[in-house]
Amino acid sequence: MSRIAFIFPGQGAQYSGMGQDFYEQTTIGREIYDMASGLLGFSVPELCFEKNDRLDITEYTQAAMVTTGIAMMRVLEEKTGIKPDVAAGLSLGEYCALAAAGVMSDGDAILTVRQRGILMQEAVPVGVGAMAAILALDASKIEEVLGGMEGVQIANYNCPGQIVISGKKEAVEEANEKLLAAGAKRALMLNVSGPFHSVMLTGAGEKLGEVLKGVEISSPEIPYVANVTAEYVTDQSMIKPLLEKQVYSSVRWQQSVETMVADGVDTFIEIGPGKTLAGFMKKIAKDVKVFNIEKLEDIEKLSDL
């Protein structure tokens with residue numbers, strides 16, 4: 001008997017146009033998008049499916065992506081009857097995991113990430129912060145190099161050989177040079193609108209904590225893995241503090257996957273645009289089964305589960 005995890009990608013996934021078939025060809029998919037439009041006060045299908053400049057701005061991207069992830073998940077559940085044993089999501093994707101675990105309603109997850117996006121966008125002026133991907137250097141070596149620096153930290157432990165750093169632009173650029181000198185194969189500046197998952201966003205995290213005071217949180221129906229700790233969350237009282245901290249803390253994705261695999265999870269279903277998490281999985285736990293759901297037809301691949 002397979003032990004199944006639903007996993008959800010973060011904001012870096014390539015996104016434009018994704019979900020349109022779920023919206024146009026399924027009742028529940030359309031209901032999710034229309035609900036999001038009513039809650040947010042703008043057309044989410046227009047944002048997602050028509051060419052525009054807003055989709056690259058995090059205050060819009062976050063709401064669009066979580067709406068799409070939840071719509072895909074609900075259609076998948078309806079068509080297959082598959083229910084996950086555990087759930088996890090990378091950064092923004094954690095909110096889809098919260099919906100999958102029954103911790104937040106679909107509507108509250110969408111509304112919360114809209115506020116999260118606004119707070120993160122406003123936290124640091126554009127150009128002051130930066131992020132970079134460091135390739136082919138051990139995490140321990142990166143930790144060692146960054147340990148002697150100020151203004152830069154690890155933002156994402158994605159998989160062996162891929163770590164993302166974040167912080168003040170000058171500090172990130174200096175870190176890139178030091179990490180290349182320490183043996184990194186490449187250090188790539190990322191096209192992002194802020195220094196996400198760095199202490200520069202501490203204020204945004206604290207303000208999100210205020211927003212979360214008004215959000216109803218339920219006990220998890222299934223365990224989900226928190227980015228901050230890479231451990232299962234089953235205690236309802238831990239959820240809001242962890243979500244607040246997630247904004248300015250490292251995303252421990254590799255460790256999260258290792259936690260699920262150690263618990264016997266052998267089948268991962270990535271729900272959302274792209275195959276980013278499947279790519280990471282090849283380097284973290286290549287012996288597990290991984291499925292990607294980004295088009296309606298992809299659901300047919302799950303018929304044997």
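Residues numbered from 1 in each chain as written. Predicted model: local features only at pLDDT ≥ 70, side-chain atom pairs only at ≥ 80, totals over all residues. Heavy atoms only, no water.

## Looking at the overall build of the protein chain
A tally of helices and strands in the protein chain yields twelve helices and ten strands. The C-alpha radius of gyration computed for the protein chain amounts to 18 Å, which stays within 12% of the reference 19 Å derived for 305 residues, consistent with globular compactness. If you line up the protein chain on its principal axes, its C-alpha atoms span 55 × 45 × 40 Å. For the protein chain, the residues scored as buried account for 57% of the 305 residues in total. Of the contacts made within the protein chain by residues no fewer than 6 positions apart, 72% connect residues no fewer than 24 positions apart. Accessible surface, the protein chain: about 12900 Å² in total, of which carbon and sulfur atoms supply 47%. Averaging the locations of the 27 positively and 41 negatively charged side chains of the protein chain gives two centres separated by 4 Å. (Helix = DSSP H or I, 4+ residues; strand = E, 2+ residues; numbered from the N terminus. Rg over C-alpha atoms; globule rule 2.2 N^0.38 Å. Buried < 20%, exposed > 50% of the residue type's maximum accessible area, 1.4 Å probe, protein only. Contact = heavy atoms within 4.5 Å. Areas by Shrake-Rupley, 256 points an atom, 1.4 Å probe, with all protein chains shown as cover. Lys, Arg positive; Asp, Glu negative; His and termini not counted. Charge placed at Lys NZ, Arg CZ, Asp CG, Glu CD.)

## Thoughts on the pattern of salt bridges
Per the counting criterion, the structure on display carries eleven salt bridges. Glu77 is the partner of Arg74 in a salt bridge, and the nearest nitrogen-oxygen pair spans 2.9 Å. Of this pair, Arg74 and Glu77 are both found in helix H4 (residues 58-80), three residues apart, which corresponds to roughly one turn of the helix. A salt bridge links Lys141 to Glu144; the nearest nitrogen and oxygen atoms lie 3.5 Å apart. Residue Lys141 and its partner Glu144 are located together in helix H7 (residues 139-147), separated by three residues, close to a single helical turn. (Salt bridge = Lys/Arg side-chain N within 4 Å of Asp/Glu carboxyl O.)

## Some remarks on the sheet that holds strand S3 (residues 129-135)
With antiparallel pairing, four strands are arranged side by side in an open sheet as S4-S5-S3-S6. On the outer flanks of this sheet lie strand S4 (152-159) and strand S6 (186-189), each paired with one strand and no other. Recorded for the sheet is a direction-independent mean angle of 25° between the axes of neighbouring strands. Relative to strand S5 (residues 162-168), S3 runs antiparallel, the two sharing seven bridges. Considered in S5, the bridge of Ile134 is made with Ile163. Set on the sheet, H7 makes contact with S3, S4 and S5; between it and S4 the angle comes to about 175°. Contacts from helix H12 (residues 276-284) reach S4 and S5 within the one sheet, and its direction differs from that of S4 by about 80°. (Pairing = 2+ DSSP bridges. Axes fitted to C-alpha atoms, helices over the stretch in contact; angles between N-to-C directions.)

## Digging into the state of the cysteines
By the definition in use, this model includes zero disulfides. The thiol of Cys48 is unpaired, and the distance to the nearest cysteine sulfur, on Cys96, comes to 12 Å. Accessibility expressed as a relative area gives 0% for Cys48, which makes it buried. (Disulfide = S-S within 2.5 Å.)

## As for the packing of aromatic side chains
Counted under the stated rule, the structure contains four aromatic pairs. Here the aromatic rings of Phe42 and Tyr60 are separated by 5.5 Å at their centres, their planes lie at 65°, and the arrangement is edge-to-face. On the criterion of sequence distance, the pair formed by Phe42 in the loop between helix H2 (27-40) and helix H3 (44-49) and Tyr60 in helix H4 is long-range, its members being 18 residues apart. A single burial state applies to Phe42 and to Tyr60, both of which are buried. Three or more aromatic residues link up through ring pairs in this structure, and these residues are Tyr23, Tyr33 and Phe49. Its guanidinium or amino end placed over the ring of Phe42, Arg54 lies 5.8 Å from that ring's centre, counting from NZ or CZ. The ring of Tyr60 has Arg54 sitting right over it, with the charged end atom 5.1 Å from the ring centre. (Phe/Tyr/Trp six-rings, centres within 6.5 Å; stacked < 30°, edge-to-face > 60°. Lys NZ or Arg CZ within 6 Å of the ring centre and 35° of its normal.)

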